[in-house]
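Residue-level listing of the chains:
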Amino acid sequence: MMGVGKSSIGKRLAARLNVPFADADDEIERAAGLSISEIFEKFGEGYFRDGERRVIARLVEGAPKIIATGGGAFVNADTRALILERAISIWLDADVKVLADRVGRRSHRPLLKDKDPVEVLTELGKIRNPLYAAANIHIRSDTSPHMRTVENIVKALAQ
């Protein structure tokens, strides 16, 4: 889910495991030459999700790495199947109020444009959380330091 800390925790996890880090949203923006917001505005969410799936398919190939996907990537059935087949998936889960506080600090989220973050995140959670539950590993993300979440992930990966 947006605001859960996929990129910041992902970077720390990659450093901890001494593997590369890739942010799927950054890769999509680089490939399209547009920001995520611009892609949504010009072409719509369906177009974005198709490009997202192709970028993630490319990222899961090759040497092991930590990949932060956008919050909606795992919702797409084809992308979810790809990730579950070729990677270890981790669901970072946080309370809506924590997420709303985090996303309220920045204004680049197309799904939140001119909307109440708590309402949007609550509705997205109803749809997405049952799908996120298919992830291999479920980790709570809260207000504690990100390195605590990283250590929880490392412990889960070792099991």
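In case you missed it, the structure is sitting above this.
The structure presented is a predicted model; accordingly, all values stated were derived computationally and were not measured.

### Side note on the packing of helix 2 (residues 24–32) against helix 4 (residues 45–59)
So, point 1. At their nearest, the axes of helix 2 and helix 4 sit 9 Å apart, and the two run at 110° to each other. The angle between helix 2 and helix 4 falls in the class roughly perpendicular. Crossing handedness for the pair helix 2 and helix 4: right-handed. Along the contact surface, helix 2 presents Ala24, Asp25, Glu27 and Ile28, while helix 4 presents Phe48, Glu52, Val55, Ile56, Arg58 and Leu59.
So, point 2. Here the residues of the contact of helix 2 with helix 4 are counted per class, giving six nonpolar, no polar and four charged.

### Things to note about the side chain of Arg102
So, point 1. With respect to the element layout, Arg102 can be found in helix 6 (residues 96–103).
So, point 2. Asp142 provides the closest opposite charge to the buried, salt-bridge-free Arg102, at an N-O distance of 6.0 Å.
So, point 3. A distance of 3.4 Å separates a polar atom in the side chain of Arg102 from a polar atom in the side chain of Ser141.
So, point 4. Setting aside its immediate chain neighbours within four residues, Arg102 contacts Gly3, Val4, Gly5, Ser141, Asp142, Thr143 and His146.

### Description of unusual backbone geometry
So, point 1. Of note in the backbone geometry, Asn18 takes a positive phi value of approximately 60° without being a glycine.
So, point 2. Assignment of secondary structure puts Asn18 in the loop between helix 1 (6–17) and strand 1 (21–23).

### As for the packing of aromatic side chains
So, point 1. Applying the stated rule across the entire model yields three aromatic pairs.
So, point 2. Relative to Phe48, the ring of Phe40 has its centre 5.0 Å away and its plane inclined at 40°; by these criteria the two rings are tilted.
So, point 3. Judged by its relative accessible area of 4%, Phe48 falls in the buried class.

### Points about the pattern of salt bridges
So, point 1. Enumeration over the complete set of coordinates arrives at 12 salt bridges.
So, point 2. Ionic pairing is found between Arg49 and Glu45, a salt bridge with its closest N-O pair at 3.1 Å. Separated by four residues within a single helix, Arg49 and Glu45 lie in helix 4, roughly one turn from each other.
So, point 3. Its relative accessible area of 11% is what places Arg49 among the buried residues.

Definitions and limits used
Residues numbered from 1 in each chain as written. Predicted model: local features only at pLDDT ≥ 70, side-chain atom pairs only at ≥ 80, totals over all residues. Heavy atoms only, no water. Axes fitted to C-alpha atoms, helices over the stretch in contact; angles between N-to-C directions. Helix = DSSP H or I, 4+ residues; strand = E, 2+ residues; numbered from the N terminus. Parallel < 35°, antiparallel > 145°, perpendicular 65-115°, else oblique. Left-handed = near helix turned anticlockwise from the far one by under 90°. Contact = heavy atoms within 4.5 Å. Nonpolar A, V, L, I, M, F, W, Y, C, P; charged D, E, K, R; others polar. Buried < 20%, exposed > 50% of the residue type's maximum accessible area, 1.4 Å probe, protein only. Lys, Arg positive; Asp, Glu negative; His and termini not counted. Salt bridge = Lys/Arg side-chain N within 4 Å of Asp/Glu carboxyl O. Polar contact = N/O pair within 3.5 Å; in protein donor to acceptor, adjacent residues only side chain to side chain. Phe/Tyr/Trp six-rings, centres within 6.5 Å; stacked < 30°, edge-to-face > 60°.

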